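Architecture and fold: a report
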Amino acid sequence: MNMITKFFGGRRKKTGSYAHRREMAAALHGLPVRYVTEWRNDNEDVIGRGGHLTLKDDEFLVDSSGDTIFRCDVRDLDASYLMSGDGVILRGPNQLEQGRERTITVHFVYYRK
């Protein structure tokens, strides 16, 4: 291992690869949800409050308001953090709606450390 690899932490996973998507889903697993929003007709609507994010086998689930509102295979999931770090944007085919493409924003519960 050369000095540059040690300093920068080695090879990074390709952004669109399954390994990267799985790593992102694993990092989100178990995080508590404050609320979930979705853009509809030029308006951001709250579609759920409370809950948590779950990685179960190869499926990623968003449970909020006492119900599962988003279910997607990890290989089809696009996830990116908000610039503030207070949430994540999830995009993918929702298996609960016969594979309809859906984009939701999940805002995390803030805990002072």
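Our structure's up above, just so we're on the same page.
Now for a description of the structure that goes with this document.

1. Quick look at the pairing of strand S1 (residues 33–40)
Bridge analysis of S1 against strand S8 (residues 100–108) gives 4 bridges, and the strand direction is antiparallel. Paired with Val-36 across the strands is Val-106, a residue of S8. Looking at chain direction, S1 and strand S2 (residues 43–49) are connected through 6 bridges and run antiparallel. Among the inter-strand pairings, Val-36 is bridged to a residue of S2, identified as Gly-48. Here S1 folds back onto S2 in antiparallel fashion, the turn holding 2 residues, of which Asn-41 has a positive phi close to 50 degrees.

2. Observations regarding the side chain of Asp-63
Looking at the element boundaries, Asp-63 is found in strand S4 (residues 59–64). Buried charged residue Asp-63 carries no salt bridge. Nearest counter-charge: Arg-71, at 7.5 Å. A polar contact of 2.6 Å, which involves the side chain of Asp-63, links it to the side chain of Thr-68.

3. Considering the sheet that holds S4
Read across the open sheet, the 3 strands follow the order S3-S4-S5; overall the sheet is antiparallel. What marks the edges here is a single partner per strand, and that holds for strand S3 (52–56) and strand S5 (67–73). Strand after strand, the sheet turns through a mean of 20 degrees between neighbouring axes, direction not considered. Across 5 bridges, S3 lies against S4 in antiparallel orientation. Among the inter-strand pairings, Leu-53 is bridged to a residue of S4, identified as Val-62. Across the sheet, helix H2 (residues 18–28) lies against S3 and S4, angled at about 135 degrees from S3, the strand it touches most.

Procedures and definitions
- Residues numbered from 1 in each chain as written.
- Predicted model: local features only at pLDDT ≥ 70, side-chain atom pairs only at ≥ 80, totals over all residues.
- Heavy atoms only, no water.
- Pairing = 2+ DSSP bridges.
- Helix = DSSP H or I, 4+ residues; strand = E, 2+ residues; numbered from the N terminus.
- Buried < 20%, exposed > 50% of the residue type's maximum accessible area, 1.4 Å probe, protein only.
- Lys, Arg positive; Asp, Glu negative; His and termini not counted.
- Salt bridge = Lys/Arg side-chain N within 4 Å of Asp/Glu carboxyl O.
- Polar contact = N/O pair within 3.5 Å; in protein donor to acceptor, adjacent residues only side chain to side chain.
- Axes fitted to C-alpha atoms, helices over the stretch in contact; angles between N-to-C directions.
- Contact = heavy atoms within 4.5 Å.

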